[in-house]
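Okay, here's what each chain looks like letter by letter:
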Amino acid sequence: MHIPEGPLSVSTTGISILGAGAVLAAAGVAWGLRKMDYERVPQVALLSSAFFAASLIHVPLGGTSVHLVLSGLVGLILGWAAFPAIFIAIALQAAFFGFGGFTTLGLNTVLMALPAVACYGLFHPLVRWGREGVAAIAGFACGAVAILLGAILLAGILMAAGYEFRSLAVTVLLAHVPVAVVEGLVTASAVLFLRKVRPELLDAPYLPLEVRTSDA
Amino acid sequence: MTWIATEPPRRVKLLFMFQTANFVPSVLDRFDPRARIVAAAAFCLIDTLVRQWESLVLAFAGAVVAATLAGFWPRTILARLAPLNLFMVLVLVIVPFTTPGTPIAFFGSWAYSWEGLLVAVEVVLKGNTMVLAVMALVASMDPIVLGHALHHLGVPEKLVHLMLFAVRYFEVLRREYLRLAAAIKARGFRPRMNRHTYRTYGYLVGMLLVRGLDRSERIVAAMKCRGFRGRFFLLDHFALTRRDLGFAAVTTLFFAFVAWVEWM
């Protein structure tokens with residue numbers, strides 16, 4: 001659900017959407033940072049590095065392969081901290097790898113982080129406390145819904161940006177359907193794994209830190 | 001072994017995101033990082049706003065010059081632009097079909113319009129200009145320097161530290177991933193389109209997260225050990241020199257020129 005530089009900067013509506021995206025992202029990042037203790041900085045950073053590394057995994061799909069996005073799992077594990085974490089990942093990608101760019105930074109953050117936080121709200125209780133079957137289904141839904149929601153948002157934005165982008169919007173939306181299925185399957189098994197191996201990771205948004213300072 | 005193409009120093013730096021020993025400072029590296037970030041942001045903003053062909057081409061030329069001054073090899077620049085232009089091919093092929101206007105070609109009942117092609121070319125130009133500008137002015141910087149500069153530009157401290165930690169540990173976790181991937185491969189894993197593959201990747205992702213969390217706990221403990229009291233300190237401070245003011249003047253003049261071409 002990355003929108004590269006370009007398509008949205010050729011119409012007034014598109015430019016307004018970019019502006020709105022930047023404002024929304026700033027608000028989300030600010031809120032996420034407020035909910036994040038200073039001592040959690042390494043934890044959130046390491047988890048977002050792990051997600052960044054996981055997005056290098058290419059999963060076979062049909063004749064080709066797609067790389068993992070895992071926005072659903074990011075939301076599930078980081079909660080509101082997903083906003084700053086995703087923002088950082090996107091900013092680093094834009095600055096050092098040439099994906100996305102400066103003007104689309106805010107909008108891309110929203111496109112990934114908003115579905116992530118929504119999935120946290122919708123599926124976290126089921127994944128954490130449900131029985132194994134329920135957790136697997138919730139995990140699948142979490143992975144798939146995060147991708148689909150992002151793709152729907154992106155397609156809607158392209159449609160709104162101009163009539164000429166209608167075909168592009170449909171292409172983008174259709175291309176994300178198989179990706180959503182793969183993401184759902186991978187997220188479901190990752191969730192089952194974490195429940196068995198390290199259930200406290202699923203509590204990460206409110207995990208108390210083991211070491212505490214007396215005065216901070 | 002002369003037949004092995006020598007890697008330019010820039011390339012090495014970009015791969016690891018840190019300045020390496022054979023890093024050669026470019027012309028742009030002599031200027032204040034804050035000025036470069038502001039210039040990149042201004043460049044993207046102005047390029048978003050302009051609509052005339054003359055100003056678009058002028059901005060693109062400016063971005064190419066900036067990328068050259070940043071010391072990137074042409075090969076590196078092309079490699080960086082490749083993922084963007086893969087998407088741009090899609091734009092060029094698809095967008096003209098849903099743009100009303102004079103058709104220049106027909107595919108069945110679908111008309112490929114001239115107006116649509118113009119829109120698509122504008123998208124391509126703008127996208128490439130902005131990626132080049134960000135690459136030249138920001139990506140040529142060491143991420144640590146970038147973090148400090150962002151802090152001095154008013155980005156919240158917590159966010160800057162999140163970025164610095166992510167930069168520091170991304171490579172560590174990437175190696176962790178490569179190690180895990182090698183381990184499953186050694187056990188005969190072949191990725192195919194089946195449930196076993198997706199489950200294995202799920203476990204791989206889960207394990208990466210567990211390793212990341214464990215390491216973050218060790219980092220926090222080590223920080224406590226060294227007397228961490230809930231505050232980080234950024235050590236780099238910058239000073240604007242006459243040279244930086246010159247840089248600001250030149251870039252401002254360039255942006256003003258682009259704006260003049262656009263609106264006069």
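Not measured: the values here are computed from a predicted model.

1. Some details on the confidence of the model for chain A
Across chain A, pLDDT averages 84, with 92% of residues at or above 70. Between the elements of chain A, mean pLDDT differs from a low of 80, seen in strand β2 (residues 64-67) of chain A, to a high of 91, seen in helix α6 (residues 132-161) of chain A.

2. Here's the deal with the interface of chain B and chain A
Contact residues are listed per partner, giving 77 residues for chain B and 75 residues for chain A. Overall, the association of chain B and chain A removes approximately 6800 Å² of surface from exposure, summing both partners, and the carbon and sulfur fraction of that is 80%. Linking chain B to chain A there are 1 salt bridge. Our enumeration of links across chain B and chain A arrives at 8 residue pairs in polar contact (both at pLDDT 80 or more). The dominant element in the side of chain B that touches chain A, judged by the number of residues it contributes, is helix α8 (residues 195-225) of chain B, at 24 residues. Residue classes in the side of chain B that touches chain A are distributed as 52 nonpolar, 11 polar and 14 charged.

3. Overview of the nonpolar core
The biggest cluster of nonpolar side chains holds 152 residues, and the ones touching the most others in it are Leu73(A), Ile77(A) and Leu209(B). Ranked by residues supplied to this core, first place goes to helix α5 (residues 114-139) of chain B with 15 residues.

4. Brief notes about helix α2 (residues 41-54) of chain A
The end-to-end C-alpha distance of α2(A) is 20 Å, a good match for the 20 Å that 14 residues give at a rise of 1.5 Å each. Of all 14 residues in α2(A), 14 are buried; the element is thus mostly enclosed.

5. What about the packing of aromatic side chains?
With the rule as written, the count across this model stands at 13 aromatic pairs over all chains. Residues Trp31(A) and Trp80(A) carry aromatic rings whose centres are separated by 6.3 Å and whose planes lie at 90 degrees to one another, so their mutual orientation is edge-to-face. Of the two residues, Trp31(A) is situated in helix α1 (residues 12-34) and Trp80(A) in the loop between α3 (71-78) and α4 (82-97); the sequence distance between them amounts to 49 residues. Here the aromatic rings of Phe193(A) and Tyr203(B) are separated by 5.4 Å at their centres, their planes lie at 35 degrees, and the arrangement is tilted. Placement of Phe193(A) in helix α7 (residues 166-197) and of Tyr203(B) in helix α8 is noted, with the two residues assigned to different chains. Since its relative accessible area comes to 14%, Phe193(A) is described here as buried. Chaining the aromatic ring pairs together yields one cluster made of Trp31(A), Trp80(A) and Phe83(A). The ring of Trp129(A) carries Arg128(A) above its face, with NZ or CZ at 4.4 Å from the centroid.

6. Some remarks on the pattern of salt bridges
Applying the stated criterion across every chain yields a total of 9 salt bridges over all chains. Where Lys126(B) meets Glu122(B), a salt bridge forms, and the shortest distance between an N and an O atom there is 3.8 Å. With Lys126(B) and Glu122(B) both in helix α5, this residue pair falls 4 residues apart, about one helical turn. Residue class for Glu122(B) comes out buried when judged on its relative accessible area of 6%. Bridged by salt links that share partners, the residues Arg198(A), Glu200(A) and Asp214(B) form one connected network.

What counts, and at which threshold
- Residues numbered from 1 in each chain as written.
- Chains lettered and ligands numbered in written order.
- Predicted model: local features only at pLDDT ≥ 70, side-chain atom pairs only at ≥ 80, totals over all residues.
- Heavy atoms only, no water.
- pLDDT = per-residue confidence, 0-100.
- Helix = DSSP H or I, 4+ residues; strand = E, 2+ residues; numbered from the N terminus.
- Contact = heavy atoms within 4.5 Å.
- Buried area = accessible area lost by both parts, 1.4 Å probe.
- Salt bridge = Lys/Arg side-chain N within 4 Å of Asp/Glu carboxyl O.
- Polar contact = N/O pair within 3.5 Å; in protein donor to acceptor, adjacent residues only side chain to side chain.
- Nonpolar A, V, L, I, M, F, W, Y, C, P; charged D, E, K, R; others polar.
- Core = buried A, V, L, I, M, F, W, Y, C linked by side-chain atoms within 4.5 Å.
- Buried < 20%, exposed > 50% of the residue type's maximum accessible area, 1.4 Å probe, protein only.
- Expected span 1.5 Å × (residues − 1).
- Phe/Tyr/Trp six-rings, centres within 6.5 Å; stacked < 30°, edge-to-face > 60°.
- Lys NZ or Arg CZ within 6 Å of the ring centre and 35° of its normal.

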